[in-house]
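Survey of secondary and tertiary structure
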Amino acid sequence: MSPDGSWVHCYRCGWSGSRQFFEKTTGIKINFEFSSKIELPCLDEFIIDEGVPVARSKKAYSYLQSRNAVDYAILNKWKCTPEKIIIPVCQYGTCVGSVSRYYEGLLRYKFSDGFKSALLMFNFDNARYRSIIILNEGVFDVISTSKALPFCGVVGLFGKHLSCYNATRIRMLNPKEIVIMLDSPKKDTEIKKSVSKISLSLCGMHVSVATLQGGDPNESSISEIQRAFNNRRSIY
């Protein structure tokens, strides 16, 4: 069910429709209460006590150059060790966790202990008070999209899913439009299902989807991101 209770979806049979239609045709009454006010959980401040500033490491600097993220990383005080880059995740000005990006090996990303991805979005503080909010998957996707579309607020979901809690937080910002820009369907064949689930959780808002022709935002050029944004399709 969408957070406002107006839309329902069955993940078993695939049917979707309005709650009113469902109750009228089936005779089944859905008891649901929703409040536009949510209580923010108390997240402890997280201290990153390892590593050095990324500007002091040639390896980190070179890697961030390849990801088009040097300026963002230095401005936001990212740190690094010989094995990884440590990315702080902040909420309302306070660091509440981190994501480590390893240079090599099968383990690419690792969250800090106790990290609550269902309660957090990357770059959320910078996206507030913007009339258009764009939803990306990863940290570096957010940085690339922000540079291509600086007038928009861009947040990272730490994956392809939007929790009910984070959907409510976005609703409370009351943006004029929410644009879903995930990886290209050519890169991830399951991406359309993710877009459908995210749009369902935002039912009642003005939601659009911007489709990249290949790769993810961090692998795309500024013009490719801008083209996908300008050719976005309205869902609601």
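One structure accompanies this document, and this report is about it. Just so it is clear, the model here is predicted, and its values are computed rather than measured.

Some words on the side chain of asparagine 166
- By the secondary structure assignment, asparagine 166 is in helix H6 (residues 164–173).
- Among the polar contacts made by the side chain of asparagine 166, one reaches the main-chain carbonyl oxygen of alanine 118 at a distance of 3.2 Å.
- Each residue touching asparagine 166, except ones within four places of it in the same chain, is listed here: Ser117, Ala118, Leu119, Leu120 and Met121.

So, the sheet that holds strand S4 (residues 79–80)
- Strands sit in the order S3-S4-S5-S6-S7 across an open sheet of five strands; the sheet is antiparallel. Edge strands, defined here as strands with exactly one partner in the open sheet, are strand S3 (52–53) and strand S7 (109–111).
- Across two bridges, the pairing between S4 and strand S5 (residues 84–91) is antiparallel. Among the inter-strand pairings, cysteine 80 is bridged to a residue of S5, identified as isoleucine 85.

So, the pattern of salt bridges
- Counted under the stated rule, the structure contains six salt bridges.
- Here glutamate 50 makes a salt bridge to lysine 84, at a shortest N to O gap of 3.3 Å. With a gap of 34 residues between them, glutamate 50 in the loop between helix H1 (19–26) and S3 and lysine 84 in strand S5 connect regions that are remote in the sequence.
- For aspartate 71, the salt bridge identified is with lysine 147, shortest N-O distance 2.8 Å. Highlighted residues: aspartate 71 in helix H3 (residues 70–75) and lysine 147 in helix H5 (residues 139–148), separated in sequence by 76 residues.
- With relative accessibility at 45%, the residue aspartate 71 sits in the partly exposed group.
- By relative accessible area, lysine 147 is classed as partly exposed at 30%.

Examining the side chain of serine 220
- Its place among the elements puts serine 220 in the loop between strand S11 (207–209) and helix H8 (222–230).
- From its side chain, serine 220 meets the backbone oxygen of aspartate 216 in a polar contact 2.9 Å long.
- Those residues in contact with serine 220 that sit more than four places away from it in its chain are Leu212, Gly214 and Ile225.

Some details on the environment of leucine 182
- Structurally, leucine 182 is set in the loop between strand S10 (177–180) and helix H7 (191–201).
- Along the chain, leucine 182 and glycine 159 lie 23 residues apart, while their C-alpha atoms are 9.1 Å from each other.
- What leucine 182 contacts, discounting residues up to four positions off in sequence, is Leu135, Asn136, Glu137, Ile191, Ser194, Val195, Ile198, Leu212 and Pro217.

Criteria and thresholds
Residues numbered from 1 in each chain as written. Predicted model: local features only at pLDDT ≥ 70, side-chain atom pairs only at ≥ 80, totals over all residues. Heavy atoms only, no water. Helix = DSSP H or I, 4+ residues; strand = E, 2+ residues; numbered from the N terminus. Polar contact = N/O pair within 3.5 Å; in protein donor to acceptor, adjacent residues only side chain to side chain. Contact = heavy atoms within 4.5 Å. Pairing = 2+ DSSP bridges. Salt bridge = Lys/Arg side-chain N within 4 Å of Asp/Glu carboxyl O. Buried < 20%, exposed > 50% of the residue type's maximum accessible area, 1.4 Å probe, protein only.

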